[in-house]
Amino acid sequence: MSTATSKRELDHPARDEIRLEGVLHALSDPIRLSVVRDLAAAADELSCSCFELPVTKSTTTHHFRVLRENGVVQQVYRGTAKMNGLRRADLEALFPGLLDSVLDAAARQAARVSGDAV
């Protein structure tokens, strides 16, 4: 696994270290899937503070760490903010169509649960 060179840099797996089972694990949690859906809908990176999650701050940190360590998101510090972006290009190169399929299925499920049509 790649190693951070300072306290302000976070470890991320290299593209060839990302594993399907890790990505699927990261996406299997409803909170983490919600984060990924928000990031996919955003035009740019989002700071951790942009997410209003129904969990404690330490649990939020855990969810972001799972996403980062499994290669789903890239996190970087910009000043005091930790910015998050999807590793869409890496995921698409490794698992073509997977992220879009999961996001589409999640949207359909959300619409079905809320009673709205997709």
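Refer to the preceding data block for the structure.
In what follows, the accompanying structure is described. The structure displayed is predicted, hence computed values, not measured ones.

## Some remarks on the packing of helix α2 (residues 30-41) against helix α3 (residues 57-69)
Between α2 and α3, the shortest axis-to-axis distance is 10 Å and the interhelical angle comes to 70 degrees. Compared by their axis directions, α2 and α3 come out roughly perpendicular. α3 is crossed by α2, and the crossing has right-handed handedness. Across the interface between the two elements, Ile31, Arg32, Val35 and Val36 of α2 pack against His62, His63, Phe64, Val66 and Leu67 of α3. Class assignment of the residues belonging to the contact of α2 with α3 gives a composition of six nonpolar, two polar and one charged.

## Side note on the sheet that holds strand β2 (residues 73-78)
Strands in a sheet are paired, the pairing made by backbone hydrogen bonds, and the direction either parallel or antiparallel. Strand order in this open sheet of three strands is β1-β3-β2, and the pairing throughout is antiparallel. A strand with exactly one partner marks an edge of an open sheet, and here the two such strands are β1 (46-47) and β2. Across the sheet, α2 is in contact with β1, β2 and β3 (81-86); its angle to β3 comes to roughly 80 degrees.

## Considering the pattern of salt bridges
The final tally for this structure, using the stated rule, is six salt bridges. The closest approach of N and O atoms between Asp90 and Arg87, which form a salt bridge, is 2.9 Å. Note that Asp104 and Arg108 form a salt bridge whose closest N and O atoms lie 3.1 Å from each other. Placement of both Asp104 and Arg108 in helix α5 (residues 98-114) is noted, with a separation of four residues, approximately one turn of the helix. Each of Arg15, Arg87 and Asp90 takes part in one network of salt bridges that share partners.

## Examining the packing of aromatic side chains
On inspection of all chains with the given rule, the structure shows one aromatic pair. Aromatic pair Phe51 and Phe64: ring centres 5.3 Å apart, planes at 65 degrees, arrangement edge-to-face. On the criterion of sequence distance, the pair formed by Phe51 in the loop between β1 and α3 and Phe64 in helix α3 is long-range, its members being 13 residues apart. Its relative accessible area of 9% is what places Phe51 among the buried residues. When its relative accessible area of 3% is taken as the criterion, Phe64 is described as buried.

## So, the state of the cysteines
Here the structure, examined in full by the defined rule, presents zero disulfides. Counting only cysteine sulfurs, Cys50 is the nearest neighbor of Cys48, a cysteine outside any disulfide, at a range of 8.9 Å.

## Considerations on the nonpolar core
In terms of nonpolar packing, the biggest core is built from 24 residues, with Val23, Val36 and Val72 touching the most fellow members. Of all the secondary structure elements, the ones that give two or more residues to this core are α1 (20-27), α2, α3 and α5. Ranked by residues supplied to this core, first place goes to α2 with five residues. Discounting residues that sit within four places of it in the chain, Val36 has contacts with Leu27, Leu67, Val72, Leu86, Leu99 and Leu103.

## Structural notes on the pairing of β2
Across six bridges, β2 lies against β3 in antiparallel orientation. In the sheet register, Gln74 faces β3, and the bridge partner there is Gly85. Taking the residues between adjacent antiparallel strands as the criterion, β2 and β3 are bridged by two residues, where Gly79 takes a positive phi near 65 degrees.

Procedures and definitions
- Residues numbered from 1 in each chain as written.
- Predicted model: local features only at pLDDT ≥ 70, side-chain atom pairs only at ≥ 80, totals over all residues.
- Heavy atoms only, no water.
- Axes fitted to C-alpha atoms, helices over the stretch in contact; angles between N-to-C directions.
- Helix = DSSP H or I, 4+ residues; strand = E, 2+ residues; numbered from the N terminus.
- Parallel < 35°, antiparallel > 145°, perpendicular 65-115°, else oblique.
- Left-handed = near helix turned anticlockwise from the far one by under 90°.
- Contact = heavy atoms within 4.5 Å.
- Nonpolar A, V, L, I, M, F, W, Y, C, P; charged D, E, K, R; others polar.
- Pairing = 2+ DSSP bridges.
- Salt bridge = Lys/Arg side-chain N within 4 Å of Asp/Glu carboxyl O.
- Phe/Tyr/Trp six-rings, centres within 6.5 Å; stacked < 30°, edge-to-face > 60°.
- Buried < 20%, exposed > 50% of the residue type's maximum accessible area, 1.4 Å probe, protein only.
- Disulfide = S-S within 2.5 Å.
- Core = buried A, V, L, I, M, F, W, Y, C linked by side-chain atoms within 4.5 Å.

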